[in-house]
Amino acid sequence: PFLPPPTQSQDIAAAFRSTQVASVIDDIEAIKKEFERDSMLPEELPSPYYRSIWVQIWTVSTRALINRMRDPIATIVSIITAILFAVLVGSIYFQLGLAYSGMNDRMGALFFLTMITAFSNLSSLGMFLFDRSIYVREHRNGMYSPLAYYVGKVIQDLPVSIAVNFVVCVTAYYMVGLQSDIKHFAWFLLIATLMLCNSYGMCMFVSNISKNFAVANIIAPLILVMYLIPSGFLINLDSIPVIWRWIKYISFFRYGFEAMVINEFVGLEFANGDGNCTAPSSNATSSNGTTPVNPCVISGGEYISKQMAFNVDDKEINIIWCATSAGVYLVLGYICLRVFRPNEGK
């Protein structure tokens, strides 16, 4: 084999030492020695990402909002569909009175409104599923954390759902003729919003544990239908078989519906329509000196206590449980995004 003359390698080495590269290498070695003595170590970066968590959230939410504005068809269709359902319920149960026969009708209107609210978020199942490949690529490139992605997606999507739900509530509430004072309507709106957040969080949870949209589209409706059973409208709570009673403790639909019914029925009095009642005179008293009960009037609170086994004093408790459930589902959605997709970025 060819071998260079002995002097050639020596000449190359001498030429290299005479250039500026040698001085640069010496400087690098000096810096390394300083660092080895821990005298000038740089501070550890607080985050592996290039921008703060707030910038990440802003970027993700802004991009998602721009994409929604570029393709508004899905949003427009969901708004129109929700309003049509509200008008449908309002026209079927239009201006319910306080007759005895109207009690079941009023209950049915509340049940359908809560069901529409719960099922209205099924369209959100694809929000994480369809963008999963984009999330994986950008997250692995250090653009944003899972928390920033999750929060950014939610804060641009959930307010739209809440606004649509507000329109639905206002439309149906006054068409049906529920208690019209602002206090009862405010409670109704709060309960409906909490149920919406529960349904939304549950869809995020199912979306992040499902491998694809087909699986998620089977699981989510199944859970919602299961939650409908212990609502108290389809079957009395005390009549549910023991083996299935555990569902009522995790059903946000039961808590929300029960709170809505209590909010609406307590304080109302319905006319007894059996035709056999005789109203007492205005100055009549019973043997113990108290005003006798009017058999021609049925108290709404008494009706829901006897017929549906609802405790009329549990409205605030049900609302608290409904709010807690919404928070749990939203947190579970994030945990599933972070943990249950280990091969798709962390």
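The coordinates are above.
One structure accompanies this document, and this report is about it. As the structure is a prediction and not an experimental result, all values here were calculated from the model.

### Focus: the overall build of the chain
Alright, step 1. What the chain contains, in helices and strands, is 14 helices and 2 strands.
Alright, step 2. Relative to its full complement of 346 residues, the chain shows a buried share of 40%.
Alright, step 3. Taking as baseline every contact in the chain between residues at least 6 positions apart, the subset at least 24 positions apart corresponds to 78%.

### Description of the pattern of salt bridges
Between side chains of opposite charge, pairing is possible as soon as their charged atoms come close.
Alright, step 1. Overall, the coordinates contain 6 salt bridges when judged by the stated rule.
Alright, step 2. A salt bridge links E302 to K306; the shortest N-O distance between them is 2.8 Å. In this pair, E302 and K306 are both assigned in helix α13 (residues 300-308), 4 residues apart and thus about one turn of the helix distant.
Alright, step 3. Since its relative accessible area comes to 40%, E302 is described here as partly exposed.

### Examining the packing of helix α4 (residues 73-92) against helix α8 (residues 146-176)
Between two packed helices, what matters for the description is the angle formed by their axes and the separation of those axes.
Alright, step 1. Here α4 crosses α8 at 20°, and the two axes come no closer than 8 Å. Taken as axis vectors, α4 and α8 run roughly parallel relative to one another. When you trace α4 past α8, the crossing you get is right-handed. Contacts between α4 and α8 involve T75, I79, A82, I83, A86, V87, V89, G90 and S91 from the first element and V160, V164, V167, V168, T171, A172, M175 and V176 from the second.
Alright, step 2. Of the residues assigned to the contact of α4 with α8, the class counts are 13 nonpolar, 4 polar and no charged.

### What about the packing of aromatic side chains?
Alright, step 1. Per the stated rule, a full pass over the model turns up 24 aromatic pairs.
Alright, step 2. Aromatic side chains F111 and F253 sit 5.7 Å apart centroid to centroid with 70° between the ring planes, which places their arrangement in the edge-to-face category. Residue F111 is found in helix α5 (residues 102-119), and its partner F253 is found in helix α12 (residues 252-265); the two are separated by 142 residues along the sequence.
Alright, step 3. On the basis of relative accessible area, F111 is assigned to the buried category, the value being 6%.
Alright, step 4. Measuring from ring centre to ring centre gives 6.2 Å for F252 and Y329, while their planes differ by 85°; the resulting arrangement is edge-to-face. Linking F252 in helix α12 with Y329 in helix α14 (residues 315-339), this pair joins segments that are 77 residues apart in sequence. For the residue pair F252 and Y329, the accessibility class agrees, reading buried in each case.
Alright, step 5. Through successive ring pairs, a cluster of aromatic residues spans Y93, F111, F112, F233, F253, F257 and F310.

### Examining the nonpolar core
Alright, step 1. One finds M107, F188, F253, F257, V261, F265 and I304 to be the most contacted residues of the largest nonpolar core, which totals 79 residues.
Alright, step 2. Residues contacting F257, with those up to four places away along its chain left out, are M107, L110, F111, T114, M195, S231, F233, M308 and F310.

### Comments concerning a nonpolar patch on the surface
Alright, step 1. Residues I79, I83, V87, F166 and V167 make up a contiguous nonpolar surface patch of about 340 Å² in total accessible area.
Alright, step 2. When contributions to the nonpolar patch are tallied by element, the ones reaching two or more residues are α4 and α8.
Alright, step 3. Among the elements that make up the nonpolar patch, the one with the highest residue count is α4 (3 residues).
Alright, step 4. Mapped onto the fold, I83 is located in helix α4.

### Describing α13
In an α-helix, one full turn covers 3.6 residues, which means residues spaced three or four apart are oriented alike.
Alright, step 1. Regarding α13, the residues found buried are G300, G301, Y303, I304 and M308. Around the axis of α13, the buried residues are gathered within 160° of arc, so they sit on the same side.
Alright, step 2. Along its buried surface, α13 packs onto α5, α12, β1 (269-271) and β2 (297-299).
Alright, step 3. For α13, the N-terminal cap is S299; the gap from its side-chain oxygen to the backbone nitrogen of G301 is 3.4 Å.
Alright, step 4. After α13 finishes, the residue A309 shows a positive phi value of roughly 60°.

Quick notes on the rules
Residues numbered from 1 in each chain as written. Predicted model: local features only at pLDDT ≥ 70, side-chain atom pairs only at ≥ 80, totals over all residues. Heavy atoms only, no water. Helix = DSSP H or I, 4+ residues; strand = E, 2+ residues; numbered from the N terminus. Buried < 20%, exposed > 50% of the residue type's maximum accessible area, 1.4 Å probe, protein only. Contact = heavy atoms within 4.5 Å. Salt bridge = Lys/Arg side-chain N within 4 Å of Asp/Glu carboxyl O. Axes fitted to C-alpha atoms, helices over the stretch in contact; angles between N-to-C directions. Parallel < 35°, antiparallel > 145°, perpendicular 65-115°, else oblique. Left-handed = near helix turned anticlockwise from the far one by under 90°. Nonpolar A, V, L, I, M, F, W, Y, C, P; charged D, E, K, R; others polar. Phe/Tyr/Trp six-rings, centres within 6.5 Å; stacked < 30°, edge-to-face > 60°. Core = buried A, V, L, I, M, F, W, Y, C linked by side-chain atoms within 4.5 Å. Patch = residues over 30% accessible without salt bridge, like charges linked within 9 Å, V, L, I, M, F, W, Y side chains within 5 Å. Areas by Shrake-Rupley, 256 points an atom, 1.4 Å probe, with all protein chains shown as cover. Arc of directions from axis to C-beta. Polar contact = N/O pair within 3.5 Å; in protein donor to acceptor, adjacent residues only side chain to side chain.

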